[in-house]
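Chain by chain, the residues:
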4 protein chains.
Amino acid sequence: MTIERLACVASRSERARQGLDVLRSNYDLVPVEEAEVIIVLGGDGFMLNSLHRFQGRGLPIYGMNRGTIGFLMNEFKEETLIERINAARPQRLFPLQMTVTDSEGRVHEALAFNEVALVRYSQQTANLRIAIDGKVRMEKLMSDGVLVCTPAGSTAYNLSVHGPVIPIGADILGLTPISPFRPRRWRGALLPHSSVIEITNLDPEKRPLGASADSTEIKGAVHVLVCVHDAASVTVLFDHGHSLEERIINEQFSS
Amino acid sequence: MTIERLACVASRSERARQGLDVLRSNYDLVPVEEAEVIIVLGGDGFMLNSLHRFQGRGLPIYGMNRGTIGFLMNEFKEETLIERINAARPQRLFPLQMTVTDSEGRVHEALAFNEVALVRYSQQTANLRIAIDGKVRMEKLMSDGVLVCTPAGSTAYNLSVHGPVIPIGADILGLTPISPFRPRRWRGALLPHSSVIEITNLDPEKRPLGASADSTEIKGAVHVLVCVHDAASVTVLFDHGHSLEERIINEQFSS
Amino acid sequence: MTIERLACVASRSERARQGLDVLRSNYDLVPVEEAEVIIVLGGDGFMLNSLHRFQGRGLPIYGMNRGTIGFLMNEFKEETLIERINAARPQRLFPLQMTVTDSEGRVHEALAFNEVALVRYSQQTANLRIAIDGKVRMEKLMSDGVLVCTPAGSTAYNLSVHGPVIPIGADILGLTPISPFRPRRWRGALLPHSSVIEITNLDPEKRPLGASADSTEIKGAVHVLVCVHDAASVTVLFDHGHSLEERIINEQFSS
Amino acid sequence: MTIERLACVASRSERARQGLDVLRSNYDLVPVEEAEVIIVLGGDGFMLNSLHRFQGRGLPIYGMNRGTIGFLMNEFKEETLIERINAARPQRLFPLQMTVTDSEGRVHEALAFNEVALVRYSQQTANLRIAIDGKVRMEKLMSDGVLVCTPAGSTAYNLSVHGPVIPIGADILGLTPISPFRPRRWRGALLPHSSVIEITNLDPEKRPLGASADSTEIKGAVHVLVCVHDAASVTVLFDHGHSLEERIINEQFSS
């Protein structure tokens with residue numbers, strides 16, 4: 001069964017819009033509602049937004065790079081696009097579900113394909129309690145914040161805050177402190193995929209915290225619950241030899 | 001179906017031998033050939049040796065600590081031993097298979113429940129090439145050596161050489177350099193459980209290397225192949241609330 | 001020549017104000033203008049503010065802890081205060097001078113006894129160029145920011161961002177990246193005390209940066225110059241056996 | 001006053017011997033006893049040996065690289081050698097003095113320009129106690145060993161074991177654990193130049209230790225005392241723009 005009906009979305013950048021024009025003049029693009037695959041033109045940021053936007057549709061997503069880094073993207077080529085899409089390797093990405101209770105008692109939910117990050121937004125160091133599966137594992141982390149990442153997200157902000165890169169497909173999550181003051185030199189933990197991670201802001205008035213799921217941020221977070229949302233997975237397609245698995249392994253061996 | 005027939009082995013330490021005497025006077029111990037479970041008395045080193053010794057028998061192993069650290073051991077208690085063994089939680093441990101070709105062309109095989117470690121034994125820094133699944137990922141690592149660890153072994157020598165602790169049951173392995181000189185600050189990689197890891201000594205005459213699978217060491221290693229040996233797993237029993245999973249998570253949150 | 005004329009300042013906390021009342025009822029405190037020493041009651045934050053406030057006066061400063069951590073403070077005791085002050089060990093602290101040019105071309109100057117920190121305040125990773133003594137050493141650091149710390153400040157935010165602790169009195173500064181994305185795993189540098197460090201925001205419009213000298217923050221920083229200001233040193237007094245040198249060594253050996 | 005009388009020593013490598021032949025045919029080389037400067041041809045290892053060999057003579061040393069890395073060496077050129085030597089920048093290197101008491105009570109002394117390293121040579125993890133200036137700072141370090149390095153040596157083995165690079169000329173030493181098991185994640189310390197560092201093997205029979213000062217190794221070390229030997233300094237000459245200071249700063253900014 002061949003995929004033939006292509007929808008295409010592009011970021012606002014000139015390179016992405018030019019790419020869209022090229023595809024339009026070569027292929028009969030269809031609206032997303034009629035498509036079998038969604039082509040995304042842009043950089044990793046736009047791709048991440050597109051994963052969120054199209055997450056409920058059950059369509060595979062094929063990115064082509066018109067941005068700077070393109071970790072989640074294939075190379076842009078206008079020729080033989082249908083052949084490449086049909087030959088591409090599918091990779092399911094499982095997002096994290098973040099449930100935030102804010103300082104006024106409101107509850108907010110959001111998905112994160114890369115990471116849920118809790119970060120202070122005042123001058124005051126955050127004081128956080130961390131529980132895993134209902135059991136308190138750290139009574140008080142003093143830090144700029146903490147993040148939970150998926151394997152796909154382990155090469156993003158997690159890498160900056162010195163967390164380990166996790167192979168795509170591995171059944172684990174990364175929990176990594178952001179600029180930890182106490183405990184000194186704490187490096188975080190790798191946790192089972194099934195973990196329920198609860199983070200409580202111990203001093204929400206004096207030490208306010210923002211909780212972000214990818215680019216969605218909730219200010220005044222008091223309590224944050226994070227777990228994998230298996231049912232909300234999205235399938236991303238990668239050209240042969242440029243799979244996400246390959247890129248993540250490469251990332252670990254690069255200097 | 002209740003486990004009733006207990007065999008017991010003890011290390012040479014006085015505390016282990018005394019423990020064995022206590023058990024003998026309270027239980028009808030049987031030879032290993034007739035046993036349904038093997039009780040191991042000693043420390044982690046003796047436990048590791050026992051895993052190797054009894055690996056082929058298909059019997060679960062229940063350790064009780066008569067040593068110093070006891071990461072793999074339950075608490076020693078003489079009472080209600082059969083009840084505790086029957087209530088204990090099984091944990092399968094999958095060893096690594098190490099295949100070493102030495103400088104005279106001989107091939108050696110050994111299993112490792114904790115880690116396969118390649119370490120220089122001259123004053124000369126080792127020069128190593130690393131390939132994963134047949135693809136060279138690092139042309140030249142200059143270091144004291146490198147190790148591959150299982151999740152269970154990630155809290156042992158891997159922890160000393162700054163590798164991440166891996167949750168038990170996760171489908172990944174750790175590859176961690178030992179005192180890496182170049183590439184500077186290389187931190188190693190987490191790899192899929194199915195990986196085939198090949199390490200080649202680029203200069204075996206001037207820079208000799210020992211390859212160890214747990215405590216078995218082969219000198220003059222030129223080429224080493226490491227992969228998980230799924231069929232050689234051993235089941236270890238842990239008391240409720242003191243599972244290996246629990247201990248490994250604890251290890252990650254301890255300072 | 002004995003120090004006898006004591007001035008005293010207290011933070012707004014109740015514990016600090018109570019301490020001030022106790023000292024007032026036991027000693028004839030004088031205004032700062034007439035004092036030979038300034039007693040500071042509060043925590044490390046208030047102490048740091050007091051160093052800035054009294055920096056130009058040439059008076060030694062003796063802190064007593066009425067806060068939580070008290071790294072720069074002596075123990076609070078009301079008795080024998082004059083004897084303790086006269087027996088205390090002086091420690092000169094040399095601040096950093098920060099000179100910031102902002103996006104509208106204005107120049108701002110401030111001193112920092114702990115650290116000068118450049119931190120992004122948008123969602124965008126900062127792109128920074130770093131030059132030492134007029135020579136570009138890093139063309140592009142992609143990170144949340146970077147800091148320069150004194151030895152005294154090396155146990156503060158520098159510790160959180162994984163920088164090394166520097167012994168007090170050592171003739172070096174710490175330069176440490178904050179959550180570095182590229183170059184991967186860059187750990188920063190130790191630099192001679194005499195270094196002139198220039199940090200340039202390569203993309204100030206899209207990626208705005210705040211530059212802080214201790215608690216003074218300048219938004220919209222485009223170019224920041226940092227060097228030690230030897231002439232602006234302040235002398236802080238420490239009780240015997242509780243010197244800052246001792247605390248910093250302790251910090252390095254604590255887990 | 002111009003340096004004119006050159007002695008030259010070369011390592012056994014063919015490239016070094018060829019270099020020596022070239023110099024011999026262009027310059028009137030003199031014996032070391034009559035020389036004003038000693039030219040060293042080889043790599044860093046031979047240079048380090050030469051520092052030890054000629055340390056007592058008070059002559060400056062000018063290295064030219066005929067090896068692989070050449071951190072301490074200038075570029076090899078046969079022309080204008082006298083001009084380059086006279087224009088070179090002197091750098092004094094202060095060695096460490098190591099005083100080892102072995103398991104039979106014998107005392108051994110040796111100098112180290114790079115590092116004093118204590119390393120286990122059995123399968124057993126070392127248990128070490130560390131005191132600085134007569135005060136015990138760490139009751140028990142469980143590790144493969146520990147090292148003390150000079151600034152010049154901070155880019156050698158210290159770099160491999162994750163210690164910070166120290167600018168040449170800084171008045172500090174590095175103390176860095178080698179594969180530390182407990183305390184977990186201990187990163188070592190930077191210590192004042194004047195420190196007296198004592199390391200005691202807590203279990204010398206079961207856990208034997210070798211103590212090395214550069215390439216001199218003493219087996220069966222029980223107690224090791226390390227301090228800077230200011231009077232034993234050697235002056236090394238570097239071409240303009242290729243000073244050791246420059247190289248060490250470069251090392252910190254390289255990835």
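Above this note sits the structure.
A. Just the overall build of chain A, in detail. Summing up its helical and strand segments, chain A has five helices and 16 strands in all. Taking 255 residues into account, the globule formula puts the C-alpha radius of gyration at 18 Å, and chain A, at 19 Å, falls close to it. With the C-alpha coordinates aligned to their principal axes, the bounding extent of chain A is approximately 60 × 40 × 30 Å. Sorting the 255 residues of chain A into buried and exposed places 60% on the buried side. If you take every contact in chain A between residues at least 6 apart in sequence, the share linking residues at least 24 apart comes to 67%. Accessible area for chain A stands at about 10400 Å²; split by element, carbon and sulfur atoms hold 47% of it. Taking the average location of the 26 positive side-chain charges in chain A and that of its 30 negative ones, the two points are 8 Å from each other.

B. The pattern of salt bridges, seen in detail. What the rule picks out here adds up to 52 salt bridges over all chains. A salt bridge links B:E217 to B:K219; the nearest nitrogen and oxygen atoms lie 3.7 Å apart. We classify B:K219 as partly exposed; its relative accessible area is 46%. Its salt-bridge partner being C:R24, residue C:D21 comes within 3.8 Å of it at the nearest N-O pair. One end of the pair, C:D21, and the other, C:R24, are both in helix α1 (residues 14–26), three residues apart, so they sit about a helical turn from each other. The exposure class of C:D21 is partly exposed, given its relative accessible area of 46%. Shared partners join several salt bridges into a network, and the residues in it are A:D102, A:E104 and A:R106.

C. Just the relation of the copies chain B and chain A, in detail. Least-squares fitting of chain B to chain A yields an RMSD of 0.0 Å, with the transformation described by 0.0 Å of translation along the axis and a rotation of 180°. Both copies are brought into coincidence by an operation consistent with a two-fold rotation axis. Across chain B, the smallest distance between a C-alpha and the rotation axis is recorded for B:D171, namely 3.2 Å. Interface overlap between copies is the fraction of interface residues in one copy that are interface residues in the other; for chain B against chain A it reaches 100%, indicating a shared surface.

D. Geometry of unusual backbone geometry. Following A:R182, the chain continues into A:P183 via a peptide bond in cis, with omega recorded as -5°. Even without being glycine, A:T80 reaches a positive phi, approximately 45°. Since its relative accessible area comes to 45%, A:T80 is described here as partly exposed. Its identity is not glycine, yet C:S179 carries a phi of approximately 50°, on the positive side. With respect to the secondary-structure elements, C:S179 resides in strand β10 (residues 172–182).

E. Representation of the environment of A:L51 in the model. Residues and elements named next belong to chain A. In this structure, L51 sits in helix α2 (residues 44–54). It is 9.1 Å that separates the C-alpha atoms of L51 and T235, two residues lying 184 residues apart in sequence. What L51 contacts, discounting residues up to four positions off in sequence, is I61, L93, F113, V234 and V236.

F. Spatial organisation of the packing of aromatic side chains. With the rule as written, the count across this model stands at four aromatic pairs over all chains. Seen from the ring of A:F181, A:R182 lies directly overhead, with NZ or CZ sitting 4.3 Å from the centre. The side chain of C:R66 reaches across the aromatic face of C:F76, ending 4.1 Å from its centre.

What counts and what doesn't
- Residues numbered from 1 in each chain as written.
- Chains lettered and ligands numbered in written order.
- Predicted model: local features only at pLDDT ≥ 70, side-chain atom pairs only at ≥ 80, totals over all residues.
- Heavy atoms only, no water.
- Helix = DSSP H or I, 4+ residues; strand = E, 2+ residues; numbered from the N terminus.
- Rg over C-alpha atoms; globule rule 2.2 N^0.38 Å.
- Buried < 20%, exposed > 50% of the residue type's maximum accessible area, 1.4 Å probe, protein only.
- Contact = heavy atoms within 4.5 Å.
- Areas by Shrake-Rupley, 256 points an atom, 1.4 Å probe, with all protein chains shown as cover.
- Lys, Arg positive; Asp, Glu negative; His and termini not counted.
- Charge placed at Lys NZ, Arg CZ, Asp CG, Glu CD.
- Salt bridge = Lys/Arg side-chain N within 4 Å of Asp/Glu carboxyl O.
- Least-squares fit on C-alpha atoms with pLDDT ≥ 70 in both.
- Phe/Tyr/Trp six-rings, centres within 6.5 Å; stacked < 30°, edge-to-face > 60°.
- Lys NZ or Arg CZ within 6 Å of the ring centre and 35° of its normal.

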